[in-house]
Amino acid sequence: MLCLSLLSAKSMNRSTPIWQIKYFSTESMKRLKNGGVSELLAKLLIQRNIKTKVDAELFLKPQLKDIESPFRFVWMQKSVERIVKAITGKEKIAVYGDYDADGITATALLVKFFRAIDVQANWYIPNRLSEGYGLNSNQIKKISSEGITLIITVDNGISSIEPIELANELGIDVIITDHHTKPDKMPSAYSIVHPDYAADKEEFPPSGAGVAFNLIIALRSYMRSIGFSNLPNLKQYIDIAALGTIADIVPLVGTNRIIVKYGLEQAAQKNSSKAISAMLNSKKNRGEISTKDIGFIVAPRINAAGRMGAAEIAMKLFLSENDNEICQYSKELNALNTKRQKLQSEILNETEEKISKLGNAKIIVAWGDWHKGIIGIVAGRIAEKYARPAIVISTSDKIATGSGRSIRNVNLFELISKTGHMLKHFGGHPQAVGLSIEKSKLDKFTYKINEAADSVAIDQTGQILYDDEIDFNQINNEFYSIIDTMKPFGNANPEPLFCSKNIVIEERRIVGNGHWKMRISQDGRIFPAIYFRSEEHTSELQSHSFISYAVFCLKKKIQFSFLLFLFVSLHLHLVTHYSTSPLT
């Protein structure tokens with residue numbers, strides 16, 4: 001089946017994608033081929049910076065034993081010793097999380113582990129709408145009043161200087177586990193488990209859930225070494241760790257890749273997380289579960305809870321063992337996601353109207369009386385569409401709250417840092433930031449952030465790379481099997497894209513919400529296809545029209561197990577240079 005998605009350059013402000021084949025080293029190709037790697041696989045590996053046979057083996061055949069030691073984090077030993085001291089001393093422990101899918105899964109990992117060893121740790125996730133991101137002083141006071149003497153943060157804490165100082169004054173030790181960009185001034189925590197504090201600099205840093213998973217690996221290992229028994233098998237949690245890893249779009253290389261590969265396998269099993277099973281629902285009994293199933297079905301529902309100020313529903317779903325409760329919480333998440341989608345559409349339309357008046361600013365900044373929980377995803381859509389960093393700001397409260405998303409090769413966190421003196425708070429990653437600002441400073445902030453961007457080369461062409469140019473007659477079971485070995489796909493290991501020329505659309509019909517279901521051919525070889533987001537070109541592409549070139553990825557669809565060749569579908573991402581005849 002072909003999934004098509006056409007992009008147009010009707011607007012001067014909209015990015016016009018340029019498709020180019022990825023570069024690969026012929027010398028590296030020769031080495032891999034001499035090591036017995038096929039030409040197609042060698043090319044795909046090199047384009048993902050895998051250039052030796054040893055690295056190829058580790059990438060193609062990841063093993064649980066190859067997960068890096070959690071004690072590579074320099075303060076991990078100190079952290080697990082303090083946690084064990086709290087356990088043996090019957091101290092009260094709190095896990096302080098975050099309201100997105102990465103933070104919620106990280107919180108769930110620690111709480112579920114503690115419950116498995118009969119430690120009833122409390123958990124806290126701030127309300128996105130009323131409290132905002134990270135530790136806050138009011139919650140620290142509340143935690144202190146409950147007699148808690150140890151806080152473990154997950155997916156937050158690295159920027160919480162004042163709340164941690166208050167915790168210290170109140171006699172509470174704070175162990176930070178986080179992966180966000182660390183500020184110039186560090187909090188005075190008991191210990192910090194962070195990728196920047198590792199024995200060797202993390203080339204492919206973990207997500208918040210990944211850091212939390214490292215913590216429970218280290219904690220279990222240390223507890224075993226000092227005589228604890230009946231400790232849980234951590235493989236039962238790896239699907240939750242994989243979910244957070246996929247949701248936070250960290251590079252799927254090294255330990256991240258291992259967690260996701262085995263996490264997806266676990267998610268397909270009967271003994272997987274009941275929460276993930278409930279959200280996958282009909283996908284559960286269809287065999288293989290992919291990163292797209294997690295990224296497009298599960299993660300948005302968890303994120304919707306946080307965006308709508310109801311992260312506790314997602315946490316209760318992960319912690320419950322009652323089937324009726326799980327079913328109810330899953331339905332509530334579905335309802336929240338539907339509401340989120342409606343609000344998102346409304347805000348996106350209003351933002352588009354404002355963008356049309358911005359001209360060619362390097363950084364898109366737009367604000368309005370919008371729902372604070374939705375602006376981040378709108379910023380992401382805007383950045384993707386216009387190939388420019390976008391910051392969308394809600395002015396619904398006294399202090400405006402903003403969320404920014406960037407494009408490749410542009411460090412938005414660095415740019416925001418140059419305007420930090422104007423902001424109440426800010427934090428995040430190179431690709432995603434959050435901020436708060438007084439409304440009176442919005443115009444000046446817009447000017448200053450664009451002034452800071454003048455020194456940065458921002459490629460507004462929206463360049464997209466494909467892996468290889470092929471003919472339809474090359475597509476067979478062996479070809480797909482090579483692609484299959486590259487899974488799981490994600491950041492740093494994108495699904496391979498291929499380009500084919502001189503394509504004829506044999507048939508098409510509209511399905512779903514404006515998608516085209518099609519049959520396309522090249523030199524008599526026909527494949528079914530689906531083209532998503534096609535409404536923009538409904539009047540332009542006609543049945544039996546000719547396409548100069550198409551870029552697509554391959555999908556497998558098993559019809560009958562006894563067939564020699566599997567049914568292969570092509571997902572077409574972009575079609576350009578179209579006409580009604582090869583001769584025009």
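Up top is the structure these notes are about.
Here the structure is a predicted model, which means the values were calculated and not measured.

S.K.: Whenever I open this one, helix H6 (residues 137-145) confuses me. Can you help?
M.R.: Note on helix geometry: an α-helix contains 3.6 residues per turn, so any two residues three or four positions apart are oriented the same way. Along H6, the positions that sit buried rather than exposed are Gln139, Ile140 and Ile143. Burial along H6 is one-sided: seen end-on, the buried residues are contained in an arc of 105°. Of the exposed residues in H6, the ones pointing more than 90 degrees away from its buried face are Asn138 and Ser145. Packing partners of the buried residues in H6 comprise strand S2 (92-96), strand S3 (122-124), strand S4 (148-154) and helix H7 (161-169). The N-capping residue of H6, defined by a side-chain oxygen 3.3 Å from the backbone nitrogen of Asn138, is Asn136. Just past H6, the residue Gly147 takes up positive phi, approximately 80°.

S.K.: Would you explain the pattern of salt bridges in this entry?
M.R.: If the charged atoms of two oppositely charged side chains come close together, the side chains can form a pair. Throughout the structure, instances matching the rule amount to 22 salt bridges. In this structure, the salt-bridge partner of Glu352 is Lys385, at a minimum N-O distance of 2.8 Å. Here Glu352 is found in helix H14 (residues 323-355), whereas its partner Lys385 is found in helix H15 (residues 375-386), with 33 residues between them in sequence. Taking relative accessible area as the criterion, Lys385 reaches 27% and is therefore assigned partly exposed. The salt bridge partner of Lys448 is Glu451, with a shortest N-O separation of 3.4 Å. Here the residue Lys448 and the residue Glu451 both occupy positions in helix H17 (residues 442-453), the gap between them amounting to three residues, near one helical turn. The exposure class of Lys448 is partly exposed, given its relative accessible area of 28%.

S.K.: When you look at the sheet that holds S2 in this model, what are you seeing that I'm missing?
M.R.: Think of a sheet as strands paired side by side through backbone hydrogen bonds, with each pair either parallel or antiparallel. With parallel pairing, five strands are arranged side by side in an open sheet as S3-S2-S4-S5-S6. At either margin of the open sheet sits one strand with a lone partner, and together these are S3 and strand S6 (191-193). For this sheet the average axis-to-axis angle between neighbouring strands, irrespective of direction, equals 20°. Note: strand S5 (residues 173-177) against S6, three bridges, orientation parallel. Bridge pairing in S6 places Ile175 opposite Ser191.

S.K.: Can you help me understand the nonpolar core in this one?
M.R.: Generally speaking, soluble globular proteins have nonpolar side chains that are buried together. One finds Phe114, Phe318, Ile391 and Phe445 to be the most contacted residues of the largest nonpolar core, which totals 116 residues. Sort the elements by how many residues they give to this core and helix H8 (residues 208-225) lands first, with ten residues.

S.K.: Can you walk me through the packing of aromatic side chains in this structure?
M.R.: Within a pair of aromatic rings, the relevant descriptors are the distance that separates the centres and the angle that separates the planes. This model, assessed by the stated rule, comprises six aromatic pairs. Pairing Trp75 with Tyr197 gives two aromatic rings, centres 5.5 Å apart and planes at 25°, and the pair type is stacked. One end of the pair, Trp75, is in the loop between helix H3 (53-60) and helix H4 (76-88); the other, Tyr197, is in the loop between S6 and H8, and 122 residues separate them in sequence. Accessibility expressed as a relative area gives 22% for Tyr197, which makes it partly exposed. Connected via pairs of aromatic rings, a cluster forms that spans Phe472, Phe527 and Phe552. In this arrangement the basic side chain of Arg257 is found over the ring face of Phe59, its NZ or CZ atom lying 3.7 Å from the centre. The ring of Tyr262 has Lys261 lying over it, and the distance from NZ or CZ to the ring centre is 5.7 Å.

What counts, and where the lines are drawn
- Residue indices follow the written sequence of each chain, beginning from 1 at its first position.
- pLDDT decides what is reported in this predicted model: residues at 70 or higher carry local features, side-chain atom pairs at 80 or more are listed and counted, and totals for whole chains, interfaces and linings draw on all residues regardless.
- Water and hydrogen atoms play no part in the side-chain values, which are based on all heavy atoms of the structure.
- Using a 1.4 Å probe on the protein chains alone, a residue whose accessible area is under 20% of its type maximum counts as buried, one over 50% counts as exposed, and one in between counts as partly exposed.
- Secondary structure follows DSSP: runs of H or I at least 4 residues long count as helices, runs of E at least 2 residues long count as strands, and numbering of each begins at the N terminus.
- The arc in question is the one traced by the directions running from the helix axis out to the C-beta atoms.
- Throughout, a residue-residue contact means that at least one pair of heavy atoms, one from each residue, lies within 4.5 Å.
- Each polar contact in these results corresponds to two N or O atoms within 3.5 Å; when the atoms are within protein, one needs to be able to donate a hydrogen and the other to accept it, and residues that are neighboring in sequence are counted only if both atoms are side-chain atoms.
- We count a salt bridge whenever a side-chain nitrogen from Lys or Arg sits within 4 Å of a carboxyl oxygen from Asp or Glu.
- A pair of strands is labelled paired if DSSP reports no fewer than 2 bridges between them.
- Here, axes are lines fitted to C-alpha atoms. For helices the fit covers the stretch in contact, and angles between N-to-C directions go from 0 to 180 degrees.
- Here, nonpolar core refers to any group of buried Ala, Val, Leu, Ile, Met, Phe, Trp, Tyr and Cys residues whose side-chain atoms link them within 4.5 Å.
- Two aromatic rings from Phe, Tyr or Trp, using only the six-membered ring of Trp, form a pair when their centres are within 6.5 Å; if the ring planes differ by under 30 degrees the pair is stacked, by over 60 it is edge-to-face, and anything between is tilted.
- Placement of a positive charge over a ring is assigned whenever Lys NZ or Arg CZ falls within 6 Å of the ring centre and within 35 degrees of the normal to the ring plane.

Function cannot be read off these values alone, since they describe shape.
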